[in-house]
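Overview (structure and organization)
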Amino acid sequence: MHDSAIKAVLGPTNTGKTHLAIERMCAHSSGTMGFPLRLLAREVYDRVRAIKGDAQVALITGEERIEPKGARYLCCTMEAMPRNGANAAFVALDEAQLGADRERGHIFTDRLLNTRGREETMILGAATLAPLVRELVPEAEISDRPRFSTLTHIGPRKLSRLPPRSAIVAFSAEAVYSVAEMLRRFRGGAAVVMGALSPETRNKQVELFQNGEVDYIVATDAVGMGLNLDVNHVAFAGLGKFDGVKMRRLLPAEMAQIAGRAGRHQRDGTFGTLAGQNHGGSSPEFTEEEIYAIEEHRFAPLTHLYWRDPEPRFDSLAALIADLEASPSDPVLRLGPEAIDLATLKRLAEDPVSANVRTPGMVRRFWEACSLPDFRKRGPDVHARFVARLWQDLSQGYLGADYVAARISELDNMAGDIDTLQGRIAAIRSWAYICQRPDWVLARDEMASRARAVEAKLSDALHARLTERFVNRRTAILMKSLGEDASMLPIELGADGSVTVEGETLGSIEGFRFVVDPQARHEDRRMLLAAAEKALPRLLGKKAEALAASDLAEIELSRGTLRWRGQELATLETRDGTVTPLLHPSREVQALPEGARTRLVAALEGWLATRLAPLDPLDKLHKAAVNPDAGSQARALLLNLLAGHGYISRERAGIEHLPKEMRPFLRKIGVTFGALDIFAPALLKPAPRQVLSALGIDRRPLNEAMVPTIPGGKKMPAGYRAAGEQAIRIDLAEKILRAAHEARAKAQGKPKGKAKGKDRHRTFPLDMSLPISIGLEEGNIVRLLGVAGFRVHRARPLADGAFGPPRPDLWEWRPSRRKQERKAEPRPVEGSAFAALADLVR
């Protein structure tokens, strides 16, 4: 019937059969190749297009048609492949042994028997097909091709012990997810390939594995169907599968088809089982006979192929069904099991929906509708209802563009989990198939384009969900890098303190402390910390040196602790006899490389010295308190001043024991002898007080019972004196009292100082502007001056009808304490003053 040369190139995987067919097709003026998967058709389409150019190559599948006008080379799925080979000079049939498949075998058998090229036909398949080729195509020239590499069994391996670049094969979605989840935990994740995924999603998942982002791929047995992967080892998670009828053990040839993915070209491969896993339901280990058959590529030959009448009659539905169920005449051919298209036809033939199917044209159109693939895999009943609804519109002519657009729009939703997205992809593939039919949909090209666009978006979303769930890129990178030298680990420190490795976040550095990424799983935290610690000395050393070289503007002193960006750098320990505390670096600073640590600590000490400059007056008091020239009485007074945080009342100071000749010495170092208090004014200013507060020194008197309170129960602030319902700083109170004494002396014509005898009780006017400007209320002014011995005499009001300014209030001064009361006051003891000093500087 055909004069063209027919060649059958048979052999195991990795023999270069497909590559040979591509070379032969490109050597002819035209050619058509049929493949079992849309994925393989796309892969070869891209390879031929790179050789012949975009305008010369077409891709034809059930859901996609890329047909440049005048294209001479066609890459097709077997179902979409023209039965006459598009009258091409060359025809190739890939994986022809699938004629023994229960569901699709009759399609492959029909192409094997009837599709020929004008000049050359090439049948590609497993060696087990050889006897049937001799029987069915006796004119074919059969040639064997040896495998480029060897395949060796290495026994079971635990999941945690799998070698890199491994493929794990399971036979259910649940098993695939389970294995992938464990690989994510132990090895950073895996790519996932299943038949339910769209070709685009499968391609992207395969790319994850191929480009090295993950070292493992988990797949169903679809991985054995011609996918070219850089796999070194294939591990079987089980050796049994459900074949549509029952659970059964894989045949040795099926095992070899899958195991043959290991090794590529001249690189040898290995295979084995996954220890501790048995998702197939049969014995979890290979038998010696199976191992021998796989390693030596020796399998029982196929004894039959499935067949169905490829050209049935369309006179009526009954005639069509009869022809489709007719048995073949050749003994090596068997009638294929009832496929989903025939099951749908038989169901709908008895349904009222087929009442109008009478003419051969309608019968053919009805059969084409029933041949819609069940992409959703929901079973014959659900699929038959979908086809029935489709036929209601097709029987009237075409599907309206608005109706199809609405159905596509319903599926244009990227939300949902993996199973939800897979369901939407299956549904949109059904509509993509419908839109590819030349006589089913109005505005076919536009609707087909919309369907492909939605499928692409859903595929991207599904790929993202799969990657998010089953790939921990960070862990995968670290698993590859942890054994390397620390200097080679590609860890970087961002300007915001983030620590990353190849763009993946490990955590962040807060101050000089590494904090693991809070979003990391608990089981990953130890690994992230171990990875970061390899590069942290180098990164933190640079950060410390940069900080030491800066102006340290971000350093803060609070409660005796140096902090940088909220993190502790050092604590301060105050010392007796000096205001300069000891600096104790934090544990993180101590862990820095020695050189960087030394420079940083020196910079911190320099910054601290500048920060403590306002405490120079306090430092003078410390030095004077240990100066032998001061005398015991002056040193005791100084220690009391230090214990009182820079002030002490005259009643408690014991100044009656202080020699008058020592007062100039004390005044020279900043001590003021006031009317009510003895104090160091410089230590009452805001700047030194802020420093003392930052150092964490408690500036209140040590004996809480002696702390006076302001009415309302509030404690007196340190360095303040009560003035009625207000508190006034001691140095400001002294300023008011000094002004009052000066006013008294001026009014009496006496020199400044205390008046003697009866002159000291004479009245005088007092200008209230100074205390009012400070903020004291009038009643509180009276009470403050009253403590110092001043008494106010209120002026009598003017008589009725009298004119002139009001008379001023007059004041007089009396000592505020009787001599015997002063003698009864407790005297500070020198030993207790030393103890108070120790508490002050602690």
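First things first, this report covers the structure right here in the doc. Residue numbering note: each chain is counted from 1, following its sequence as written. Only residues with pLDDT of 70 or above have their local features reported here, since the model is predicted, and side-chain atom pairs are shown and tallied only from 80 upward, although totals for entire chains, interfaces and linings are computed over all residues. Remark: hydrogens and water are excluded; side-chain values derive from all non-hydrogen atoms of the structure.

**Section: the overall build of the chain**
Heads up, the rule is: Helix numbers and strand numbers start at the N terminus; a helix is a DSSP run of H or I with at least 4 residues, a strand a run of E with at least 2. Exposure categories follow from relative accessible area, calculated using a 1.4 Å probe and restricted to protein chains: below 20% of the type maximum is buried, above 50% is exposed, and the middle band is partly exposed. The contact criterion used is simple: two residues touch if any of their non-hydrogen atoms lie within 4.5 Å. Surface accessibility in these figures is a Shrake-Rupley result with a 1.4 Å probe; residues are shielded only by whichever protein chains are displayed.
The helix and strand inventory of the chain stands at 29 helices and 36 strands. Considering the chain as a whole, with its 842 residues, one finds that 49% of them fall into the buried category. Here the analysis covers contacts within the chain between residues at least 6 apart in sequence; of these, 69% occur between residues at least 24 apart. As displayed, the chain offers around 39,600 Å² of accessible surface, 51% of which is attributable to carbon and sulfur atoms.

**Notes on the side chain of Lys543**
Position of Lys543 relative to the elements: it lies in helix 17 (residues 522-549). Residue class for Lys543 comes out buried when judged on its relative accessible area of 14%. In contact with Lys543, other than residues within four places in its own chain, are Leu493, Ile509, Gly511, Phe512, Trp564 and Arg565.

**Some thoughts on the environment of Phe673**
Position of Phe673 relative to the elements: it lies in strand 28 (residues 672-673). On the accessibility criterion, Phe673 (10% relative accessible area) is buried. Sequence spacing of Phe673 and Arg663 is 10 residues, and the spatial spacing of their C-alpha atoms is 8.6 Å. Excluding residues within four positions of it along the chain, Phe673 makes contact with Leu637, Arg650, Ile655, Leu658, Arg663, Leu666, Arg667, Ile678 and Arg738.

**What about the sheet that holds strand 25 (residues 567-575)?**
In plain terms, the rule: Between any two strands, pairing holds if DSSP finds at least two bridges. Simply put, an axis is a line fit to the C-alpha atoms, just over the touching stretch for a helix, and the angle between two N-to-C directions goes from 0 to 180 degrees.
Strand order in the open sheet made by the 4 strands is 23-24-25-26, with antiparallel pairing throughout. If you trace the sheet from one side to the other, it starts and ends with strand 23 (555-558) and strand 26 (578-585), each paired once. Neighbour to neighbour, the strand axes of the sheet diverge by 30° on average, direction disregarded. Pairing geometry for strand 23 and strand 24 (residues 561-564), over 4 bridges, is antiparallel. The partner of Glu556 across the bridge, within strand 24, is Arg563.

**Considering the nonpolar core**
The test is simple: The set of buried Ala, Val, Leu, Ile, Met, Phe, Trp, Tyr and Cys residues whose side-chain atoms join them within 4.5 Å is what this entry labels a nonpolar core.
Of all hydrophobic cores here, the largest spans 70 residues; its most connected members are Ile168, Leu345, Trp431 and Ile434. Of all the elements, helix 14 (residues 418-436) adds the most residues to this core, at 11 residues. Of all hydrophobic cores here, the second largest spans 62 residues; its members include Leu557, Val589, Ala634 and Phe673.

**Quick word on the pattern of salt bridges**
Put simply, the rule reads: The salt bridge definition used is simple: a Lys or Arg side-chain nitrogen within 4 Å of an Asp or Glu carboxyl oxygen.
As enumerated under the stated definition, the model contains 40 salt bridges in all. Put simply, Asp110 and Arg111 hold a salt bridge, and the shortest N to O gap is 2.6 Å. Accessibility classification places Asp110 together with Arg111 in one group, the buried group. Residues Asp809 and Arg794 are paired through a salt bridge, measuring 2.9 Å at the closest nitrogen-oxygen approach. You can see Asp809 sitting in the loop between strand 35 (790-793) and strand 36 (810-813) and its partner Arg794 sitting in the loop between strand 35 and strand 36, a full 15 residues away along the chain. Looking at Asp809, the relative accessible area reads 28%, which means it is partly exposed. When salt bridges with common partners are traced through the structure, they connect Arg38, Arg42, Asp46, Arg49, Asp54, Glu63, Glu64, Glu200, Arg429 and Glu455 into a single cluster.

**Examining the sheet that holds strand 9 (residues 151-153)**
Taken together, 6 strands build an open sheet; the order of strands is 9-16-13-10-12-11 and the sheet is parallel. In the strand order of this sheet, the two ends are held by strand 9 and strand 11 (191-193), each with one partner. When the angles between neighbouring strand axes are averaged without regard to direction, this sheet yields 20°. Helix 6 (residues 199-210) contacts strand 10 (166-169), strand 11 and strand 12 (216-219) of the sheet and is inclined by roughly 145° relative to strand 11.

**Overview of the packing of aromatic side chains**
Threshold: Ring pairs shown here join Phe, Tyr and Trp side chains whose ring centres sit within 6.5 Å, with only the six-membered ring taken for Trp; geometry is labelled stacked below 30 degrees between planes, edge-to-face above 60, and tilted in between.
Enumeration over the complete set of coordinates arrives at 8 aromatic pairs. With a centroid separation of 5.3 Å and an interplanar angle of 90°, the aromatic rings of Phe271 and Phe286 are classed as edge-to-face. Residue Phe271 is located in strand 16 (residues 269-273), and its partner Phe286 is located in the loop between strand 16 and helix 8 (288-296); the two are separated by 15 residues in the primary sequence. Owing to a relative accessible area of 0%, Phe271 belongs among the buried residues under this scheme. For Phe286, a relative accessible area of 8% corresponds to the buried category. Plain terms: the ring middles of Phe366 and Trp391 are 5.0 Å apart, the flat faces sit at 80° to each other, and that makes the pair edge-to-face. With Phe366 in helix 11 (residues 360-370) and Trp391 in helix 12 (residues 380-394), this residue pair connects regions lying 25 residues apart in the sequence. Per residue, the accessibility class of Phe366 equals that of Trp391, and both read buried.

**So, helix 3 (residues 105-114)**
The buried count for helix 3 comes to 8 of 10 residues, which makes it a mostly enclosed element. Against the buried residues of helix 3 lie strand 6 (90-93), strand 7 (120-125), helix 4 (130-136), strand 17 (305-307) and strand 18 (333-335).

**Notes on the pairing of strand 7**
Applicable threshold: If the strands point away from the viewer and the path from the first strand over the helix to the second runs clockwise, then the crossover is right-handed.
The buried fraction of strand 7 amounts to 6 of the 6 residues, a majority that puts the element mostly inside the structure. Bridge count between strand 1 (residues 5-10) and strand 7: 6 bridges; the pairing is parallel. Bridge pairing links Lys7 to Met122 in strand 7. You can see the chain leave strand 6, run along helix 3 and come back into strand 7, and the turn it takes is right-handed.

**A closer look at the packing of helix 7 (residues 252-259) against helix 8**
Which entries qualify depends on this criterion: In this scheme, roughly parallel covers angles under 35 degrees and roughly antiparallel covers those over 145, while 65 to 115 is roughly perpendicular and the rest are oblique. For any pair of crossing helices, the crossing counts as left-handed if the nearer helix is rotated counterclockwise from the farther one by less than a right angle, and right-handed if it is rotated clockwise.
Orientation of helix 7 relative to helix 8, taken along the N-to-C sense of each, is 50°, at an axis distance of 9 Å. Relative to helix 8, the element helix 7 lies oblique. As for the relative orientation of helix 7 and helix 8, their crossing is right-handed in sense. Contacts from Pro252, Met255, Ala256 and Ala259 of helix 7 reach helix 8 at Glu290, Ala293 and Ile294.

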